[in-house]
Amino acid sequence: MDKGLTEGRSVSIIIPCYNEEAVIKGKIKNCMELSYDHLLEIIVADDFSTDGTFEAARQCPGNPYPLTVVKNVYKKGKTGAIRTAAELAKGKLLCITDADNLFESDMLTNSVIPFDDPRVGIVTGLRQVVRRSSREGATEFVPKFNLYHAVRNLTIRFYSWLDSTPCVHGSFMIFRKNLGILPRDGIRADDCDLGIQIRKKGFRCISSGTYFLSPELESSDERNKQWYRQSLGNIQCFFDVHRDALFNPKLGLFGLFIYPLEMSFFLHPFILGLSLLGVFIYLSYKEFYLGIIFMFGLGVAVLLIKPIRDYFHKNYILGKATWDFYMKPDTSITDSWITPKRPG
């Protein structure tokens, strides 16, 4: 089928990047392999990388879709890179995606279908964690079960069915350009902020039900730091920037039910800890040895069963981020990729 212009479904894929030389060619190739029957263009916005990201991206052929590669003249941060690309975008829909995530060939086609409903303002995907595996000299991505993301995917589906999801993935989000809304500076969770902004404007934020592939960081230390930064950003977004959405009747079920339910997620580590402590005290009150057996069994499960261990570890990091946000006001919510740096 001819990839001609179909106004309502024309898409500009924006890939903001900083020092992504190792993955940018693979990302562009993956986007070029998308099966899409409407106008599609790809824009790589390099945020003044210090490696060869810009040069590597320019070496990629713009076939079958047009490819534009731009570079900021100084470091503006992720939101600055997105804005640079958005000014050049010709599509009616803007799709923002990270350089290290990959799509199935039909993902974009399936993700624009919800926009047939004029009430839908933004669509996000579901995360499938994968690990890299080398086989016969080629890199393969093998799906990996992750309890946290499995639960979050179910939650996003439920929120989308009920009204709107506040959980928008910056790794893949596609929204209407004519809304005039873009990610803002100074907010770490720019994806979450964008979704809530759009919902406040009266449009729905939903999941398409399609999955994008998210390679797991190889270093556990890097994964922990990433999860900590993401948690801080989401806490800032929910408890500070958009706290006026809490129990806001103008937002319908989103303000009255979904938003407060999602806010309670950040208190979950403390609720979980108090619940386990309550069970231990109750059992110990009945028979002391029962409390000891309970704690011993829980400790063994955490040590030996990886999904349970990961679940508790993520809750520990989330709890630490929540504590630091409120008890340590000087805690930084940005990193080197987000923080703009002007020349001189």
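Calculation rules
Residues numbered from 1 in each chain as written. Predicted model: local features only at pLDDT ≥ 70, side-chain atom pairs only at ≥ 80, totals over all residues. Heavy atoms only, no water. Buried < 20%, exposed > 50% of the residue type's maximum accessible area, 1.4 Å probe, protein only. Helix = DSSP H or I, 4+ residues; strand = E, 2+ residues; numbered from the N terminus. Pairing = 2+ DSSP bridges. Contact = heavy atoms within 4.5 Å. Right-handed = clockwise from strand over helix to strand, strands pointing away. Axes fitted to C-alpha atoms, helices over the stretch in contact; angles between N-to-C directions. Nonpolar A, V, L, I, M, F, W, Y, C, P; charged D, E, K, R; others polar.

### Structural notes on the pairing of strand S4 (residues 93-97)
Note on strand geometry: in a regular strand, side chains alternate between the two faces of the sheet.
Logical step 1: With respect to burial, S4 is a largely interior element, 5 of its 5 residues being buried.
Logical step 2: Burial of S4 is two-sided: the residues Leu93, Cys95 and Thr97 facing one way and the residues Leu94 and Ile96 facing the other way are all buried.
Logical step 3: With 4 bridges connecting them, strand S1 (residues 11-17) and S4 associate as parallel partners. Looking at S4, one finds that Ile14 is bridged to Ile96.

### Focus on the side chain of Gln197
Logical step 1: Mapped onto the secondary structure, Gln197 falls in helix H6 (residues 190-200).
Logical step 2: The class of Gln197 is buried, set by a relative accessible area of 17%.
Logical step 3: Excluding residues that lie within four positions of it along the chain, Gln197 makes contacts with Ile181, Leu182, Arg184 and His242.

### Comments concerning the pairing of strand S3 (residues 67-71)
Logical step 1: In terms of strand pairing, strand S2 (residues 40-46) meets S3 through 5 bridges, oriented parallel. Its bridge partner being in S3, Ile42 is matched across the sheet by Leu67.
Logical step 2: With helix H2 (residues 53-58) bridging S2 and its parallel neighbour S3, the resulting β-α-β unit is right-handed.

### What about the packing of helix H9 (residues 268-286) against helix H10 (residues 288-304)?
Logical step 1: Between H9 and H10, the least distance of the axes is 5 Å, while the angle of their chain directions is 145°. The segment H9 lies against H10, with Leu276, Val279, Phe280, Leu283, Ser284 and Lys286 engaging Phe288, Leu290, Gly291, Ile292, Phe294, Met295 and Leu298.
Logical step 2: Each residue belonging to the contact of H9 with H10 can be placed in one class, and the counts come to 10 nonpolar, 2 polar and 1 charged.

### Quick word on unusual backbone geometry
Logical step 1: Cis geometry is adopted by the peptide bond preceding Pro64, which originates at Asn63 and carries an omega value of 10°.
Logical step 2: Assignment of secondary structure puts Pro64 in the loop between H2 and S3.
Logical step 3: One non-glycine residue, Asn19, lies in the positive phi region at around 55°.
Logical step 4: For Asn19, a relative accessible area of 29% gives the class partly exposed.
Logical step 5: We note that Phe48 has phi near 55°; this positive angle belongs to a residue other than glycine.
Logical step 6: Mapped onto the elements, Phe48 comes out in the loop between S2 and H2.
Logical step 7: Residue classification places Phe48 among the partly exposed positions, given a relative accessible area of 38%.

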